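As a plain string of letters, each chain reads:
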Amino acid sequence: MSQYPEAQFIKSANAQNQFVADVGAEVAVAGRSNAGKSSAINVIVNRRQFARTSKTPGRTQLINFFSLQGDQRLIDLPGYGFAKVSDKKRGHWRDLVADYFESRASLRGLFLIIDIRRQITDFDRQMLAFAEQVSLRTHVLLTKSDKLKRGQAATALLEVRRDIGELATVQQFSALTRLGEDEARAKLDEFLSTEARE
Ligand SMILES: Nc1nc2c(ncn2[C@@H]2O[C@H](COP(=O)(O)OP(=O)(O)O)[C@@H](O)[C@H]2O)c(=O)[nH]1
Ligand SMILES: [Mg+2]
């Protein structure tokens, strides 16, 4: 059973004045499109169709607010990654996400979802930079680890850890085999229960 049986979608936002009230605690989840973000959210929250795995047209460029329980929320940040995104759209994405990171007192941590086969992209580095600017704790899920042999996955984990250093903690994850689900859920709980940042 889900730890969050009452979890539900609240709303999507395309501008700061559409964000939900900044009370309680929330954790943001980011990932390049197709990295496996929706699948990871579904496994962690333990709800099959919670965040739609298929692309919901229009919503992928918005910030999606979900309530977990009470004043605890999970925030699905927009990803990009297809080469065809225009400079204008990319600019809007950057402004929206920067506004989000800079304004949310309830933000306790960031989950960054990275396809273990692709390693770290420019998108991921931008997200790590946003988090660092506001001293936000970050946890990286190297997902789709079922797609690599165990030795290869272990090597990829070490490489990403070395690359990221102190910026974030890193673990292997698979939405298919559910590898790493307990570790991810413990990290989510840890983030949600930390005190607000200064
Ligand atoms: N084998 C495998 N496939 C995955 C995993 N996570 C996601 N996928 C697949 O990758 C594709 C993109 O996943 P999705 O969660 O929609 O990515 P998003 O765009 O980041 O939200 C889908 O076809 C998923 O079924 C995983 O851990 N293992
Ligand atoms: Mg998605």
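I will try to describe carefully the structure that is included in this document. (Residues numbered from 1 in each chain as written. Chains lettered and ligands numbered in written order. Predicted model: local features only at pLDDT ≥ 70, side-chain atom pairs only at ≥ 80, totals over all residues. Heavy atoms only, no water.)

### Let's talk about the nonpolar core
For soluble globular proteins, the rule of thumb is that nonpolar side chains tend to be buried together.
So, step 1. In this structure, Leu 77, Tyr 100, Phe 101 and Met 127 are the most contacted members of the largest nonpolar core, which totals 38 residues.
So, step 2. Taken together, the elements giving at least two residues each to this core come down to strand 2 (25-31), strand 3 (63-69), helix 2 (87-103), strand 5 (107-115), helix 3 (122-133), strand 6 (138-143) and helix 4 (150-164).
So, step 3. Contacts of Met 127, omitting those with residues within four sequence positions, involve Ala 30, Leu 77, Trp 93, Val 97, Phe 101, Leu 110 and Leu 112.
So, step 4. In this structure, Leu 68, Leu 74, Leu 188 and Phe 191 belong to the second largest nonpolar core, which totals 24 residues. (Core = buried A, V, L, I, M, F, W, Y, C linked by side-chain atoms within 4.5 Å. Buried < 20%, exposed > 50% of the residue type's maximum accessible area, 1.4 Å probe, protein only. Helix = DSSP H or I, 4+ residues; strand = E, 2+ residues; numbered from the N terminus. Contact = heavy atoms within 4.5 Å.)

### Some remarks on helix 3
So, step 1. Between its first and last C-alpha atoms helix 3 spans 16 Å; for 12 residues at 1.5 Å apiece the expected length is 16 Å, and the two agree.
So, step 2. Every buried residue of helix 3 is listed here: Phe 123, Asp 124, Met 127, Leu 128, Phe 130 and Ala 131. Buried residues of helix 3 fall within an arc of 155° about the axis and therefore sit on the same side. Summarising the geometry of helix 3, the exposed residues directed more than 90 degrees from the buried face are Asp 122, Glu 132 and Gln 133. (Expected span 1.5 Å × (residues − 1). Arc of directions from axis to C-beta.)

### Digging into the pairing of strand 3
Looking along a regular strand, one sees side chains alternate from face to face of the sheet.
So, step 1. Of all 7 residues in strand 3, 6 are buried, a share of seventy percent or more.
So, step 2. Sheet topology note: the strand 1 (residues 8-13)/strand 3 ladder contains 5 bridges and is antiparallel. Looking at strand 3, one finds that Gln 8 is bridged to Ser 67.
So, step 3. Here strand 3 runs beside strand 4 (residues 72-76); their pairing, made up of 5 bridges, is antiparallel. Bridge assignment links Phe 66 to a residue of strand 4, and that residue is Leu 74.
So, step 4. The antiparallel hairpin formed by strand 3 and strand 4 contains 2 residues in its connecting segment, where Gly 70 sits at a positive phi of about 50°. (Pairing = 2+ DSSP bridges.)

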